[in-house]
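Structural overview for review
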Amino acid sequence: MFQLRQSFLLFLTATIWGSGFVAQSIGMDHVTPFTYTFFRTFIGAIVLLPVIYWLHQRKRSDQKQSERPAPHYQRKDLIIGSICCGICLVGGESFQQFGLVTTDAGKAGFITSLYIVFVPIFGLFLGKKLNRFIILGVMLSLFGFYLLCIKQSFTIEQGDVLILICAVVFCFHILTIDHFVAKCDGVLLSCGQFFAASAIALVLMLIFDYDVFSWADVRAAALALLWSGVMSNGVAYTLQVIGQRGMNPTIATLILSLESVMAVVFGTLLLHESLTLREGIGCILILTAVIIAQLNPKVISALLSGRRSQAALPTSPERSAGN
């Protein structure tokens with residue numbers, strides 16, 4: 001029952017993130033990408049403040065009942081980690097926003113999901129190894145991306161390229177989080193990166209969007225901004241933290257990868273977007289690649305070995321008689 005509840009929370013997280021692509025697409029009808037990125041990250045940071053307070057009170061209560069000392073984190077690591085993660089976050093979200101100007105929400109969701117394949121590839125430079133499932137996943141994702149984005153005249157839309165760059169930036173974002181999360185409290189790091197990203201986005205907004213900024217446009221995009229800031233950033237992140245507790249990381253990642261599927265579903269239902277057969281096959285290949293890239297060859301080998309061992313067991317006389 002516990003695993004079922006945790007799986008539902010992670011699926012709810014993927015659903016919220018998938019719907020966020022629709023909110024971003026709607027918001028881009030009113031405000032510029034840097035303006036949208038500033039407001040959504042700032043709102044996300046504000047939403048996490050009460051969550052941090054609640055978790056802090058819970059930790060204090062648990063600590064009184066436990067004899068183990070609380071982990072000690074350096075404030076310097078939190079500050080540096082927040083800035084580094086914030087730079088990657090504002091970069092990824094900005095490229096995503098610019099790409100959504102000309103790319104459908106559903107397609108953007110699938111292209112963004114390629115970060116799950118990019119992470120182990122760039123991890124090679126950090127000394128991590130690739131297994132055969134990751135290599136197969138990369139090949140499938142490239143073919144899927146070709147079917148999804150490359151037209152029959154061998155042209156690719158500018159928005160698709162920007163979303164692909166966004167996926168690469170989010171890959172570095174994940175690797176950066178992986179580096180600092182062991183040195184910092186996870187929720188504090190998330191809130192810190194949102195504040196850092198909003199500060200950077202504010203500077204970019206003042207530089208590039210100053211002449212076109214309008215509070216009337218912000219009010220017109222208010223619902224989209226609130227959904228992205230409160231739900232996609234604040235609520236979804238909290239659900240992810242709670243849902244991953246006690247869950248196998250591979251299973252959790254597979255459930256969260258359904259974000260791309262939900263992006264297509266919401267894009268079709270709310271924005272009346274549609275995919276051609278060619279693009280649909282590309283989406284299926286990318287989703288398959290994402291799932292395959294998460295498979296653990298050791299676990300698969302152990303399962304296969306277990307089945308072979310059971311098949312090799314001698315048949316009991318009772319079963320022979322029954323057959």
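Cut-offs and rules
- Residues numbered from 1 in each chain as written.
- Predicted model: local features only at pLDDT ≥ 70, side-chain atom pairs only at ≥ 80, totals over all residues.
- Heavy atoms only, no water.
- Helix = DSSP H or I, 4+ residues; strand = E, 2+ residues; numbered from the N terminus.
- Buried < 20%, exposed > 50% of the residue type's maximum accessible area, 1.4 Å probe, protein only.
- Contact = heavy atoms within 4.5 Å.
- Areas by Shrake-Rupley, 256 points an atom, 1.4 Å probe, with all protein chains shown as cover.
- Phe/Tyr/Trp six-rings, centres within 6.5 Å; stacked < 30°, edge-to-face > 60°.
- Salt bridge = Lys/Arg side-chain N within 4 Å of Asp/Glu carboxyl O.
- Axes fitted to C-alpha atoms, helices over the stretch in contact; angles between N-to-C directions.
- Left-handed = near helix turned anticlockwise from the far one by under 90°.
- Nonpolar A, V, L, I, M, F, W, Y, C, P; charged D, E, K, R; others polar.
- 1 Å grid on protein atoms, 1.4 Å probe; cavity = no way out; pocket = protein on both sides within 12 Å on 5 of 7 lines; lining within 4 Å.
- Points joined across faces, edges and corners; volume = space filled by probe spheres on them.
- Core = buried A, V, L, I, M, F, W, Y, C linked by side-chain atoms within 4.5 Å.
- Disulfide = S-S within 2.5 Å.
- pLDDT = per-residue confidence, 0-100.

As a further point, take the overall build of the protein. Helix and strand counts for the protein stand at 15 helices and 0 strands. The proportion of buried residues among the 323 residues of the protein is 46%. Expressed as a percentage of contacts within the protein between residues at least 6 apart in sequence, the contacts between residues at least 24 apart total 91%. Surface accessibility of the protein: about 17500 Å² in total, with carbon and sulfur atoms responsible for 68%.

Here we come to the packing of aromatic side chains. Aromatic ring pairs are described here by two measures, namely the spacing of the ring centres and the angle between the planes. Using the criterion set out here, one finds 8 aromatic pairs in the structure. A ring pair is formed by Phe38 and Phe39, whose centres lie 4.9 Å apart and whose planes are at 65 degrees; its orientation type is edge-to-face. Of the residues examined, Phe38 reaches a relative accessible area of 12% and is grouped as buried. Through a chain of ring-to-ring contacts, the aromatic side chains of Phe38, Phe39, Phe42, Phe195, Phe213 and Trp215 assemble into a single cluster.

On to the pattern of salt bridges, then. Counted under the stated rule, the structure contains 3 salt bridges. The salt bridge partner of Lys107 is Asp160, with a shortest N-O separation of 3.9 Å. Taken as a pair, Lys107 in helix α4 (residues 105-112) and Asp160 in helix α7 (residues 158-180) lie far apart in primary sequence, 53 residues in all. With respect to burial, Lys107 and Asp160 carry one shared label: buried. Notably, a salt bridge pairs Glu279 with Lys107, separated by 3.6 Å at the nearest N-O pair. With Glu279 in helix α13 (residues 277-293) and Lys107 in helix α4, this residue pair connects regions lying 172 residues apart in the sequence. The two residues Glu279 and Lys107 agree in class, both being buried. In the salt-bridge network here, residues are joined through shared partners; they are Lys107, Asp160 and Glu279.

The interhelical angle for the contact between α4 and α7, taken along N-to-C directions, is 35 degrees, at an axis separation of 8 Å. Of the two possible hands of crossing, α4 and α7 adopt the one that is right-handed. Contacts between α4 and α7 involve Lys107, Ala108, Ile111 and Thr112 from the former and Asp160, Ile163, Leu164, Cys166, Ala167 and Phe170 from the latter. Partitioning the contact of α4 with α7 into residue classes produces 7 nonpolar, 1 polar and 2 charged.

For the rest of this paragraph, the subject is empty space enclosed by the protein. Overall, the coordinates contain 2 cavities of 30 Å³ or more when judged by the stated rule. Taken together, Gly109, Thr112, Ser113, Tyr115, Ile116, Leu256, Ser257, Glu259 and Ser260 make up the lining of the second largest cavity. Of all elements in the fold, only α4, α5 (115-123) and α12 (259-270) reach the threshold of two or more residues within the lining of the second largest cavity. Residue composition of the lining of the second largest cavity, grouped by class: 3 nonpolar, 5 polar and 1 charged.

Another aspect to go through is the nonpolar core. One finds Phe110, Ile111, Leu114 and Leu148 to be the most contacted residues of the largest nonpolar core, which totals 50 residues. Top element by residues in this core is helix α2 (residues 33-65). It accounts for 9 residues. Apart from residues lying up to four places away in sequence, Leu148 is in contact with Lys107, Phe110, Ile111, Glu279, Gly282, Cys283 and Ile286. The next biggest cluster of nonpolar side chains, apart from the first, holds 8 residues, and it includes Ile16, Trp17, Ala236 and Leu239.

Applying the stated criterion across every chain yields a total of 0 disulfides. Not part of a disulfide, Cys85 finds its nearest cysteine sulfur in Cys88, a span of 6.6 Å. Overall, Cys85 belongs to the buried group, its relative accessible area being 0%.

Further remarks concern the confidence of the model for the protein. In this model, the protein carries a mean pLDDT of 80, and residues with pLDDT of at least 70 account for 84%. The weakest mean pLDDT in the protein belongs to helix α15 (residues 317-322) at 37; the strongest belongs to helix α9 (residues 215-220) at 93. A low-confidence stretch, residues 315-323 (pLDDT under 50), is modelled with 1 contact involving residues beyond four sequence positions or located in other chains.

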